[in-house]
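What the coordinates show
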Amino acid sequence: MTSSALAGIYRDHAEYTQVYLDMSVDTADPPGVQDERRTSVLDRLALAGSPQRDLDCVADVLATATAGPSPFCLFVLVRDGVVVVEEVLPGLAVEPEITSYGPLPDLVPLLKAQPLEFTYLTVETARDGGEVQLFRAGSRVAESEDHVQGRTDTLHKIKGGGWRHDHMQNHAEEIWRQTQSELASTVDDIVRTRRPRLLVVAGDIRARQLLEQELSEASRAILSIEPTNTRADGSTDSALPDRVDEEIERILNDDKQAVLDLLALHDGRGDNLVELNFGGVILALAAGQVDTLIVDSDRLREKQALALDAEPWVASAPEDALGARILGPVPAQLALCRAALLTDARVLFTDSFRVPDGQDAVALPNEASAAAILRWRTGPPVPGT
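Let me sum up the structure you'll find in this document. These numbers were taken from a predicted model, which means no experiment stands behind them.

1. Description of the overall build of the protein
Counting its regular elements, the protein contains 11 helices and 16 strands. By residue count, 46% of the 385 residues in the protein fall in the buried class. Of the roughly 18900 Å² that the protein leaves accessible, carbon and sulfur atoms contribute 49%.

What follows is the structure, given as C-alpha cells:
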C-alpha cells in the first residue's frame, strides 16, 4: 500500500478489526492446529468488541488466505465487514501478535514488512523470450506481468562447419539479440514509468548476457544478476526469490546506514536539522517538520504518547493537544508512526538489540529511541551552514 492509503486509514476515525498473526505451518503440527488458531483469534476479537460482521469476514480470510512458504505472517484490517487490507508477509513476525478492535490500528508490522513505495522487477529470460513481473516489496503477488515471445526457429546451434554454418549461427545470434532487445525495451519502459529500485534477472546465460547489453543505463544501474537458469527443467524455485530477498535487505540496510550517516553529520555540525530527543521528535512531528522519522523499536517498547484525532496528531502531554481531542495514550511507536504517515514523513526502523548474523548493528546514536531529520532547521541560524 502507499503511504497516502495508510494515512487515510487514520484520517477516517473508523473502528477497525485488526489481526496480525504468524501463520507459519510446521510439518509436525497436528492437523487441527489451524482450526484451533482460527478459533482462538475469533474468540479474542469477540472479547475486544469486534462486531459479528467483522468476525465473519476475518473467519473467511483465515480460512482462505493464500499461504506462502513458511515462515510467513498474515496482516488483516476489516471495517464494517469489508476487508480493507489483507497481506501475506513473508518472514518471521516483526512485532508481537495483534488481535484488536478500535480506531487506532497498529500499522507498524505492515510498515516494517513492506517498505512504502519500494517496487522491484524480476525477469526470467530465455533465447525465445522472457517474463517480466513487477512487485511491491513484501508481497509475492505481482502488480503487473509482461511476456515477450521471440522467434523459435533458430534456437539451436547449427551442426557442421563451413560458410553456411557460420552464416546460420550468426543469423541465430541476431534473432536472439532482437528478442532480448524487445525484452529490454519492455523492462526499460517499466523502469522509466514505475521507477523500481531493483531489477533481478535470471535465466539462460546467453540470453542474460544479450539482455544486459540491450538494457538502458537506468535499468543497468539497479540490475542484479541471478546466475541460475530458473526456466530450465529441474531448476530450484527458490533461487530467484532468495536473491530478491538478499538484494532488498542490502538496499534497505544501505538506506538505513545512509540516513544514520546523515543524522550523525548534521548532529556533529550542530546545524539544527536533526532531532535526537524523544520529546523533541514529538514536537517536530506535531509541527509537520519531520522529513524522515527513525524509530528504534526495541528502545521504544516501554514508552507511550498521546494520539490525537486532528492536527497536531501526537502529543507528549495533554496541554500540547492544541484543542484536538485526545484519543488516549498508545505505544509510542504507534503514535510516532501514525503522526509520520499523517504528515507525509518517511519512516525507517532500527532494532538495537536485533542484529542479523554477520552484520554490524544499525542503531541510533547515544541510545536514542527515536530521531528525526527535519525539513527545516530549528532555533537560531548556525554560522557557516
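Having seen the structure, we can now continue with the description.
2. Considering helix H6 (residues 205-214)
For H6, the complete set of buried residues consists of Ala207, Arg208, Leu210 and Leu211. Taken end-on, H6 shows its buried residues confined to a sector of 170°, consistent with a single buried face. Away from the buried face of H6 by more than 90 degrees, exposed residues Ile205 and Gln213 are located. The backbone nitrogen of Arg206 has a side-chain oxygen 3.1 Å away, supplied by the residue at the start of H6, namely Asp204.

3. Notes on the sheet that holds strand E6 (residues 129-136)
The strand order across the open sheet formed by five strands is E7-E6-E5-E8-E9, and the pairing between neighbours is mixed. Only two strands of the sheet have a single neighbouring strand rather than two, namely strand E7 (144-149) and strand E9 (223-225). Taking the axes of each pair of neighbouring strands and ignoring which way they run, one obtains an average angle of 20° across the sheet. Examined bridge by bridge, strand E8 (residues 198-203) and E9 share three bridges and lie parallel to one another. Looking at E9, one finds that Val201 is bridged to Ile225. Across the sheet, helix H8 (residues 239-269) touches strand E5 (119-126), E8 and E9, and the angle it forms with E8 is around 155°.

4. As for the packing of aromatic side chains
A complete count under the given rule lists two aromatic pairs for this structure. Judged by centre distance (6.3 Å) and plane angle (55°), the ring pair of Tyr20 and Phe75 falls under tilted. Of the two residues, Tyr20 sits in strand E1 (residues 16-22) while Phe75 sits in strand E2 (residues 72-79), which places them 55 residues apart along the sequence. Here the aromatic rings of Tyr120 and Phe135 are separated by 5.3 Å at their centres, their planes lie at 15°, and the arrangement is stacked. Placement of Tyr120 in strand E5 and of Phe135 in strand E6 is noted, with a sequence separation of 15 residues between them. For the pair Tyr120 and Phe135, one class covers both residues: buried. When the ring centre of Trp176 is taken as origin, the NZ or CZ atom of Arg127, which lies over that ring, is 4.5 Å away. Above the ring of Tyr10, the side-chain terminus of Arg338 is found at 5.5 Å from the ring centroid.

5. Quick word on the layout of surface pockets
Computed from the structure, the second largest pocket encloses a volume of approximately 210 Å³. If you trace the second largest pocket, you find 13 residues lining it, with Glu95, Asp106, Arg301, Pro331 and Gln333 closest to the centre. Elements with a contribution of two residues or more to the lining of the second largest pocket: helix H10 (297-300) and helix H11 (332-342). The element contributing the most residues to the lining of the second largest pocket is H11, with three residues.

6. Things to note about the packing of helix H2 (residues 33-48) against helix H3 (residues 52-64)
Two elements in contact, H2 and H3, have axes separated by 10 Å at closest approach and are oriented at 160°. The angle between the axes of H2 and H3 places the two elements in the roughly antiparallel class. In this structure, the crossing between H2 and H3 has a hand that is right-handed. Of the residues in H3, those touching H2 at Arg38, Val41, Leu42, Leu45 and Ala46 are Leu55, Val58, Ala59, Leu62 and Ala63. Tallied by class, residues from the contact of H2 with H3 come to nine nonpolar, no polar and one charged.

7. A closer look at empty space enclosed by the protein
Tallying each qualifying case throughout the model produces one cavity of 30 Å³ or more. Of the pockets and cavities examined, the largest cavity occupies roughly 40 Å³. Lining the largest cavity are Met1, Gln114, Pro115, Leu116, Glu117, Phe118, Arg136 and Ala137. Grouping the amino acids of the lining of the largest cavity by side-chain chemistry returns five nonpolar, one polar and two charged.

The rules behind the values
- Residue positions within a chain follow its written sequence, with the count starting from 1.
- In view of the model being predicted, local features appear only for residues whose pLDDT reaches at least 70, and side-chain atom pairs are presented and counted only at 80 or more, with totals across whole chains, interfaces and linings using the full set of residues.
- Computation of side-chain values covers all heavy atoms of the structure but excludes hydrogens and water.
- Runs of H or I in DSSP of at least four residues are treated as helices and runs of E of at least two as strands, each being numbered from the N terminus.
- Each residue is assigned to one of three classes by its accessible area relative to the maximum for its type, calculated with a 1.4 Å probe on protein chains only: buried under 20%, partly exposed between the two thresholds, exposed over 50%.
- Per-residue accessibility takes into account occlusion by the displayed protein chains alone, with areas from the Shrake-Rupley method and a 1.4 Å probe.
- Each direction from the helix axis to a C-beta atom contributes to the arc, which is the arc of those directions.
- Counting of polar contacts relies on pairs of N or O atoms within 3.5 Å, with two restrictions inside protein: one atom must be capable of donating a hydrogen and the other of accepting it, and residues adjacent in sequence are counted only when both atoms are side-chain atoms.
- In this scheme, strands are said to pair when DSSP sees at least two bridges between them.
- To get an axis, a line is fitted to the C-alpha atoms, and for a helix only the part in contact is used. The angle between two axes follows their N-to-C directions and goes from 0 to 180 degrees.
- Residues count as neighbours in contact if any of their non-hydrogen atoms are within 4.5 Å of one another.
- Only the six-membered ring of Trp is used, alongside the rings of Phe and Tyr, when aromatic pairs are assigned; centres must lie within 6.5 Å, and planes under 30 degrees apart are stacked while those over 60 apart are edge-to-face, with the rest tilted.
- Here, over-ring charges are defined by two tests on the NZ atom of lysine or the CZ atom of arginine: distance to the ring centre within 6 Å, and angle to the ring normal within 35 degrees.
- Buried and open spaces are told apart on a 1 Å grid over the protein atoms alone, a cavity being a set of points where a 1.4 Å probe fits but cannot get out and a pocket being an open set with protein on both sides within 12 Å along at least five of seven lines. Residues with an atom within 4 Å of a point are the lining residues.
- Grid points are joined across faces, edges and corners, and a volume is the space filled by probe spheres set on the points.
- Throughout this description, any angle smaller than 35 degrees is read as roughly parallel, any larger than 145 degrees as roughly antiparallel, any in the 65 to 115 degree range as roughly perpendicular, and the remainder as oblique.
- Here a crossing is called left-handed whenever its near helix is offset anticlockwise from the far helix by less than a right angle, and right-handed whenever the offset is clockwise.
- Residues are grouped as follows: Ala, Val, Leu, Ile, Met, Phe, Trp, Tyr, Cys and Pro are nonpolar; Asp, Glu, Lys and Arg are charged; all remaining types, including Gly, are polar.

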